[in-house]
Amino acid sequence: MLSVNKRAALLSVVLLIVALGAWEISVTRQVMGEALTEYEILMGVGQPRAAVPPPSDVIIKAWEQLSNPFYDNGPNDKGIGIQLAYSLYRVLSGFALAAALAIPLGFLIGMSPVAYKALNPFIQVLRPISPLAWMPLALFIIQDSEASAIFVIFICSVWPMLLNTAFGVAGVRSDWVNVARTHELGSLRTALTVILPAAAPTILTGMRISIGIAWLVIVAAEMLVGGTGIGYYVWNEWNNLDLTSVIFSILMIGLVGMVLDTIFATLQRAVTYAE
Amino acid sequence: MSKPFLSVERLSQTFPDGAGGMLTVFENASFGIEKGEFVCILGHSGCGKSTIMNVLAGLAEPSAGVVKMDGVAVSGPSLDRGVVFQNYSLLPWLSALKNVTFGIKARYRSWSREKVVEHATQYLAMVGLEGDVIHRKPSQLSGGMRQRVSIARAFANQPKLLLLDEPFGALDALTRGTIQEELLKIWSQTEQTVFMITHDIDEAILLADRILLMTNGPFARIAESVEITIPRPRRRTEIVEHPNYYAIRNHLVQFLGKRSKELAGRASGGESQSPEPVRIDLTAPNDDPEPAPQKPILHAVNG
Ligand SMILES: Nc1ncnc2c1ncn2[C@@H]1O[C@H](COP(=O)(O)OP(=O)(O)OP(=O)(O)O)[C@@H](O)[C@H]1O
Ligand SMILES: [Mg+2]
């Protein structure tokens, strides 16, 4: 009998093959049938090659793209690597700015009931706002599409980190704080050597949620601001009616998102402690 | 009479009782502890032992009164007063060794890394923790091992006064016995002053030079200070054979069983309340040549 992991892996491969096979077959039929649905008439106006491509096309496309990911033939023709790098740059800078604000502020809110009460109403109003709703305002005030995209990432990733940091810091066991007190640690040393490690798992959970949201939002933001990035790439390929590229880039978005999540999951595991 | 090393003067503590009124846990409590003395405090749950201890540690402010150590009033926690908390309070993200070095680094800031580690290892060895064990996290240690680490952390800092809040409350009887002996060993090597809370009469007799007996609350009083007239070094298996053992034990059981209730709930009327010293010694030469263990002779000396 195979181990659980091996059986699971086998099942995954079988599912993948079945799904791809079903996709391949259904698409070939559709192309042969050539009957236009209402939607195709509306959207694609029945142009040639507007049909959903079969997975074999997508695999060929992926091979092409990934064997030369960083080519640059002008604004509308850049390699997938360059586009992803632009998106990652925006996500990471917005995220870093958000962390730089949210973690210290979260500490303050977590440690001081007054600060918590004072800031809570603002947080409660600002938090549910869709990050894209800030886009017009950001474009108007910042006057720069690049910075506006980063701002949107900032605003969407700040809340989970802020709330989780505050929650984690407020929940640090008073016994541990008393240990710091009986050892005459100053507030900075207490914050760094007791509260930070104690709250780190909760803070990292917040960071992991934030990076996930940021990666979701960047695609939409880049569709709006245009120019570069994976979101723009998807939209551009849609306008070119290159559905193979669209599907390929969707897969890439998923893969990069998974890598980002894995990184934060690893960090989270590194700081988690058992009581 | 000269002032003792630690003197507690007219200490009072009141808390809001949750129904709009005030709850007086104790008032005008006064007592002293000499340098190098091992003092246990016994009393029923909720009488205010931890409250006194938190004040001694500087973790809580008393409603009135002062605690003076070496003649200086205590305000706020200090490295001179080490605390072993009831629930160990080890930092779970640090290994046993790091938990101890955490304390030493705070106490001796100028020490080199090697010196800190060496000092920590030495104190961990004193409580019987050696080898790989000291690199484990608290979650990978047994309850008894955790308590040993927390005792090592407190002793390694060589505080002037060591405060222990029911350090063995959560341990089984066997482990408790071993650690009690380790505590005695490390205490006799370091000559530290110890103030310890316990629920366990036998533990108190084994460890203490003097036992403070507390009446039930509210308005709890430290009513008596019982001297343990059993010579050291003491071993659990041997002290039970000492003629004074059952006499002292009976006295303590009587107090906790009956008199702690009878004496409870009286306001001090503004008087400073010091414990009455009690000395029970059946071996003393001026006592009856044939002492009856069932009827201990009490020597209440008014101080
Ligand atoms: N922060 C507080 N607010 C209000 N009441 C308190 C507070 N701390 C303690 N008390 C009350 O003071 C009394 C004494 O509590 P304390 O914790 O000192 O008891 P204890 O003698 O240590 O009991 P145990 O042996 O169960 O630990 C209790 O009645 C408790 O309800
Ligand atoms: Mg207590």
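Residues numbered from 1 in each chain as written. Chains lettered and ligands numbered in written order. Predicted model: local features only at pLDDT ≥ 70, side-chain atom pairs only at ≥ 80, totals over all residues. Heavy atoms only, no water.

**Some words on the site of ligand 1**
All names here are of chain B.
Next up, step 1: Around ligand 1 sit Phe-15, Val-25, Ser-45, Gly-46, Cys-47, Gly-48, Lys-49, Ser-50, Thr-51, Glu-166 and His-199, and those are all the residues in its vicinity.
Next up, step 2: Residue Ser-45 places a side-chain N or O atom 2.5 Å away from an oxygen atom belonging to ligand 1.
Next up, step 3: In this structure, Glu-166 approaches ligand 1 through a side-chain N or O atom, which is 3.3 Å from an oxygen atom.
Next up, step 4: Notes on ligand 1: free accessible area 640 Å², of which the protein chains cover 60%.
Next up, step 5: If one sorts the elements of the shell around ligand 1 by residue count, helix H1 (residues 49-57) sits on top with three residues.
Next up, step 6: Considered class by class, the residues forming the shell around ligand 1 number three nonpolar, six polar and two charged. (Near = heavy atom within 4 Å. Polar contact = N/O pair within 3.5 Å; in protein donor to acceptor, adjacent residues only side chain to side chain. Areas by Shrake-Rupley, 256 points an atom, 1.4 Å probe, with all protein chains shown as cover. Helix = DSSP H or I, 4+ residues; strand = E, 2+ residues; numbered from the N terminus. Nonpolar A, V, L, I, M, F, W, Y, C, P; charged D, E, K, R; others polar.)

**Description of empty space enclosed by the protein**
Next up, step 1: According to the stated counting rule, one finds one cavity of 30 Å³ or more in the structure shown.
Next up, step 2: The space that makes up the largest cavity amounts to roughly 100 Å³.
Next up, step 3: Around the largest cavity sit 13 residues that line it, and Thr182(A), His183(A), Gly82(B), Val83(B) and Asn157(B) are the ones nearest its centre.
Next up, step 4: Elements with a minimum of two residues in the lining of the largest cavity: helix H8 (174-182) of chain A together with strand E6 (81-84) and helix H4 (143-156) of chain B.
Next up, step 5: Of all the elements, E6(B) adds the most residues to the lining of the largest cavity, at three residues.
Next up, step 6: Split by residue class, the lining of the largest cavity holds six nonpolar, five polar and two charged. (1 Å grid on protein atoms, 1.4 Å probe; cavity = no way out; pocket = protein on both sides within 12 Å on 5 of 7 lines; lining within 4 Å. Points joined across faces, edges and corners; volume = space filled by probe spheres on them.)

**Quick word on a nonpolar patch on the surface**
Next up, step 1: Taken together, the side chains of Leu2(A), Leu10(A), Val14(A) and Val18(A) present a nonpolar region at the surface, about 360 Å² in accessible area.
Next up, step 2: Along the chain, Leu2(A) turns up in the segment before helix H1 (4-33). (Patch = residues over 30% accessible without salt bridge, like charges linked within 9 Å, V, L, I, M, F, W, Y side chains within 5 Å. Salt bridge = Lys/Arg side-chain N within 4 Å of Asp/Glu carboxyl O.)

**Some details on the interface of chain B and chain A**
Next up, step 1: Across the boundary between the two partners, chain B contributes 21 residues, which contact 18 residues of chain A.
Next up, step 2: For the pairing of chain B and chain A, the buried interface totals around 1800 Å² over both sides, and the portion due to carbon and sulfur atoms is 65%.
Next up, step 3: On inspection of chain B and its partner chain A, the count reaches zero salt bridges.
Next up, step 4: Run the count over chain B and chain A and you get four residue pairs in polar contact (both at pLDDT 80 or more).
Next up, step 5: When residues of the side of chain B that touches chain A are assigned to their parent elements, the largest contribution, four residues, is made by helix H2 (residues 96-107) of chain B.
Next up, step 6: Here the residues of the side of chain B that touches chain A are counted per class, giving 11 nonpolar, seven polar and three charged. (Contact = heavy atoms within 4.5 Å. Buried area = accessible area lost by both parts, 1.4 Å probe.)

**Observations concerning the packing of aromatic side chains**
Next up, step 1: Enumeration according to the criterion identifies 10 aromatic pairs over all chains in this entry.
Next up, step 2: A ring pair is formed by Phe38(B) and Trp187(B), whose centres lie 5.4 Å apart and whose planes are at 75°; its orientation type is edge-to-face. On the criterion of sequence distance, the pair formed by Phe38(B) in strand E3 (residues 38-42) and Trp187(B) in helix H5 (residues 173-190) is long-range, its members being 149 residues apart.
Next up, step 3: In this structure Trp187(B) comes out as buried when scored by relative accessible area, which is 8%.
Next up, step 4: Taken together, the ring pairs in this structure connect Trp134(A), Phe151(A) and Phe154(A) into an aromatic cluster.
Next up, step 5: The cationic tip of Lys115(B) hangs over the ring face of Trp111(B); the distance from NZ or CZ to the ring centre is 4.4 Å. (Phe/Tyr/Trp six-rings, centres within 6.5 Å; stacked < 30°, edge-to-face > 60°. Buried < 20%, exposed > 50% of the residue type's maximum accessible area, 1.4 Å probe, protein only. Lys NZ or Arg CZ within 6 Å of the ring centre and 35° of its normal.)

**Focus on the pairing of strand E9 (residues 210-214) of chain B**
Residues and elements named next belong to chain B.
Next up, step 1: For E9, a buried count of five out of five residues is recorded, marking the element as mostly surrounded by other parts of the structure.
Next up, step 2: Residue alternation in E9 divides its side chains into two sets, Arg-210, Leu-212 and Met-214 and Ile-211 and Leu-213, and both sets are buried.
Next up, step 3: With four bridges joining them, E3 and E9 adopt parallel strand pairing. Counted as the bridge partner of Cys-40 is Ile-211 from E9. (Pairing = 2+ DSSP bridges.)

**Some thoughts on the nonpolar core**
Next up, step 1: Grouped together as the largest cluster of nonpolar side chains are 97 residues, with contacts concentrated most on Met207(A), Trp215(A), Leu6(B), Ile52(B) and Phe195(B).
Next up, step 2: Among the elements that make up this core, the one with the highest residue count is helix H9 (residues 187-225) of chain A (16 residues).
Next up, step 3: For Met207(A), the residues in contact, after removing those within four places along its chain, are Phe95(A), Ala99(A), Ile103(A), Met161(A) and Phe264(A).
Next up, step 4: Listed in part, the 61 residues of the second largest apolar core include Phe168(B), Leu171(B), Leu207(B) and Ile239(B). (Core = buried A, V, L, I, M, F, W, Y, C linked by side-chain atoms within 4.5 Å.)

**Topic: helix H3 (residues 55-67) of chain A**
Residue and element names in this part refer to chain A.
Next up, step 1: The end-to-end C-alpha distance of H3 is 18 Å, a good match for the 18 Å that 13 residues give at a rise of 1.5 Å each.
Next up, step 2: Taken together, the buried positions of H3 are Pro-55, Val-58, Lys-61, Ala-62 and Gln-65. In an axial view of H3, the angular spread of the buried residues amounts to 115°, which keeps them on one side of the axis. Residues of H3 that are exposed and point over 90 degrees away from its buried face: Ile-59, Ile-60, Trp-63 and Ser-67. (Expected span 1.5 Å × (residues − 1). Arc of directions from axis to C-beta.)

**A short note on the pattern of salt bridges**
All names here are of chain B.
Next up, step 1: This model, assessed by the stated rule, comprises 20 salt bridges over all chains.
Next up, step 2: One salt bridge connects Asp-80 with Arg-107, and the closest N-O pair in it is separated by 3.3 Å. One end of the pair, Asp-80, is in the loop between strand E5 (72-73) and E6; the other, Arg-107, is in helix H2, and 27 residues separate them in sequence.
Next up, step 3: The exposure class assigned to Arg-107 is partly exposed, which follows from its relative accessible area of 23%.
Next up, step 4: Across the salt bridge formed by Arg-259 and Glu-224, the nearest N and O atoms sit 2.6 Å from each other. With Arg-259 in helix H8 (residues 243-262) and Glu-224 in strand E10 (residues 222-227), this residue pair connects regions lying 35 residues apart in the sequence.
Next up, step 5: Judged by relative accessible area, which is 6%, Glu-224 ranks as buried.
Next up, step 6: In the salt-bridge network here, residues are joined through shared partners; they are Asp-70, Asp-80, Arg-107 and Lys-160.

**A few points about the sheet that holds E5(B)**
All names here are of chain B.
Next up, step 1: Spatially, four strands are ordered E2-E1-E4-E5 in an open sheet, and the strand pairing comes out antiparallel. Looking at strand neighbours, the two that pair on one side only are strand E2 (22-33) and E5, the edges of this open sheet.
Next up, step 2: The pairing of strand E1 (residues 6-16) with E2 spans eight bridges and is antiparallel. The residue bridging Leu-6 from the neighbouring strand is Ile-33, located in E2.

**A short note on H9(A)**
Next up, step 1: Along its 39 residues, H9(A) runs just 44 Å from first to last C-alpha, ending more than 12% under the 57 Å computed at 1.5 Å per residue.
Next up, step 2: One or two steps after H9(A), the chain reaches Gly226(A), where phi turns positive at roughly 70°.

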